Amino acid sequence: MIRLFLIVLLLTAGLAQAQDQTRRPSHCIAIADAAPGIQYLHKASWSEALPEYSVRLHYIDHAAFLIRTRGGLNVITDFTGFIGTTRMIPDVVTMNHAHGSHFTPAPDPAIPHALNGWGDGYGEGIKHYLDLGEMVIRNVSTDIRSGGGVEPKGNSIFVFEVEGLCIGHLGHLHHEPDDAQYAALGRLDVVMAPVDGGMTLPLPTMIKTLKRLKSSVVIPMHWFSDFALTRFAEGMADEFDIVAPRTSSIEISLATLPSRPTRSAAA
């Protein structure tokens, strides 16, 4: 049997503090130091070296994540132009345009690869296959609701193939993928899924979609209340362990993917 995880990451205000003469290596130190009675135990940084064959996923905000590789590639999903106070220029950003909270019309020209999830013309869609050596990035187009109707191929599910892992980001998904789209996605070991239950997919449909994908790790995103997140977790609990690492970053590798059913405490 396969052990499946639903991992709830905590929101972080930014990737790192602004660099200056007194810069410390962790964006968490200021929070820990400022909290009375809390002892600082472990320095953490999005830029720290990764173990062999591992990838770091760092939650930024809403639907934005940093995917960082051992070789130092930095990829931001559903990029809005702001990732905190860090001066880091990502190597790749992906964007969707259902709402302004998922893209920017003017990404920094210093970013080598800015990948839109939609096409140049309405309903045309777009096809990406970007081979960076250490990572391959591709997309599968889906439709979005637009102006009371439907914009065909207006959203992209981006897939990041790295260190033997297949990591999927569902973007602003508005419908369950059809059989051809499921087939195009292929295996997803890790998936980041919007679980607001209204602006994207209704929760029962999202849960059905994720259970069909059978990803080993699901990370909920794009949720606006504890109520929606709790409902989603309850709907997944029959097949997924609920894990709350109480951090904004996790490291994942094929060797550490869950392997058997277990139940953990929810956030």
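Structure report, in brief. (Residues numbered from 1 in each chain as written. Predicted model: local features only at pLDDT ≥ 70, side-chain atom pairs only at ≥ 80, totals over all residues. Heavy atoms only, no water.)

**Here's the deal with the overall build of the protein**
Move 1: For the protein, the helix and strand inventory stands at 4 helices and 14 strands.
Move 2: When contacts within the protein are restricted to residue pairs at least 6 apart in sequence, those whose partners lie at least 24 apart make up 56%.
Move 3: Accessible surface computed for the protein: about 12500 Å², of which carbon and sulfur atoms make up 54%. (Helix = DSSP H or I, 4+ residues; strand = E, 2+ residues; numbered from the N terminus. Contact = heavy atoms within 4.5 Å. Areas by Shrake-Rupley, 256 points an atom, 1.4 Å probe, with all protein chains shown as cover.)

**Overview of the nonpolar core**
Move 1: Counting residues in each nonpolar core, the largest one holds 27 residues, and the members touching the most others are Leu 57, Ile 137, Ile 167 and Ile 219.
Move 2: Put simply, the parts of the chain that give this core at least two residues each are β2 (54-61), β3 (64-68), β8 (135-146), β9 (149-162), β10 (165-169), β11 (190-194), β12 (217-221) and β14 (249-253).
Move 3: Membership of the second largest hydrophobic core comes to 24 residues, among which are Val 8, Met 206, Leu 210 and Leu 229. (Core = buried A, V, L, I, M, F, W, Y, C linked by side-chain atoms within 4.5 Å. Buried < 20%, exposed > 50% of the residue type's maximum accessible area, 1.4 Å probe, protein only.)

**Things to note about unusual backbone geometry**
Move 1: Backbone geometry places Asp 78, a non-glycine residue, at a positive phi of 40°.
Move 2: You can call Asp 78 buried: its relative accessible area is 0%.

**Brief notes about helix α4 (residues 226-236)**
Move 1: Along α4, the residues classified as buried are Ala 228, Leu 229, Phe 232, Ala 233 and Met 236. One face of α4 carries all of its buried residues, which in axial projection span an arc of 130°. In α4, those exposed residues whose orientation departs by more than 90 degrees from the buried face are Asp 226, Phe 227 and Glu 234. (Arc of directions from axis to C-beta.)

**Description of the pattern of salt bridges**
Move 1: Applying the stated criterion across every chain, the model contains 7 salt bridges.
Move 2: Between Glu 163 and Arg 70 there is a salt bridge; the shortest N-O distance is 3.2 Å. Taken as a pair, Glu 163 in the loop between β9 and β10 and Arg 70 in the loop between β3 and β4 (74-76) lie far apart in primary sequence, 93 residues in all.
Move 3: For Glu 163, a relative accessible area of 18% corresponds to the buried category.
Move 4: In this structure, the salt-bridge partner of Lys 211 is Asp 238, at a minimum N-O distance of 2.8 Å. Here the residue Lys 211 occupies a position in helix α3 (residues 203-213), and Asp 238 occupies one in the loop between α4 and β13 (241-243), the gap between them amounting to 27 residues.
Move 5: We classify Lys 211 as buried; its relative accessible area is 18%. (Salt bridge = Lys/Arg side-chain N within 4 Å of Asp/Glu carboxyl O.)

**A closer look at the sheet that holds strand β5 (residues 92-95)**
Move 1: The sheet built from 6 strands is open, its strands ordered β6-β5-β4-β3-β2-β14 with mixed pairing. The two strands at the open ends of the sheet, each matched to only one other strand, are β6 (113-116) and β14. Along the sheet, successive strands turn relative to each other by an average axial angle of 20°, direction set aside.
Move 2: Looking at chain direction, β4 and β5 are connected through 2 bridges and run parallel. If you follow Ile 76 over to β5, its bridge partner there is Val 93. (Pairing = 2+ DSSP bridges. Axes fitted to C-alpha atoms, helices over the stretch in contact; angles between N-to-C directions.)

**Section: the packing of aromatic side chains**
Move 1: Taken as a whole and judged by the stated rule, the model has 2 aromatic pairs.
Move 2: Ring centres of Tyr 59 and Phe 65 lie 5.2 Å apart, and the angle between their planes is 45°; this geometry places the pair in the tilted category.
Move 3: Ring geometry for Phe 103 against Trp 118: centres 5.5 Å apart, planes inclined by 75°, an arrangement best described as edge-to-face. With Phe 103 in the loop between β5 and β6 and Trp 118 in the loop between β6 and β7 (129-131), the pair connects residues that are 15 residues apart, well separated along the chain.
Move 4: The residue whose ring lies beneath Arg 70 is Tyr 53, and the NZ or CZ to ring-centre distance is 5.7 Å. (Phe/Tyr/Trp six-rings, centres within 6.5 Å; stacked < 30°, edge-to-face > 60°. Lys NZ or Arg CZ within 6 Å of the ring centre and 35° of its normal.)

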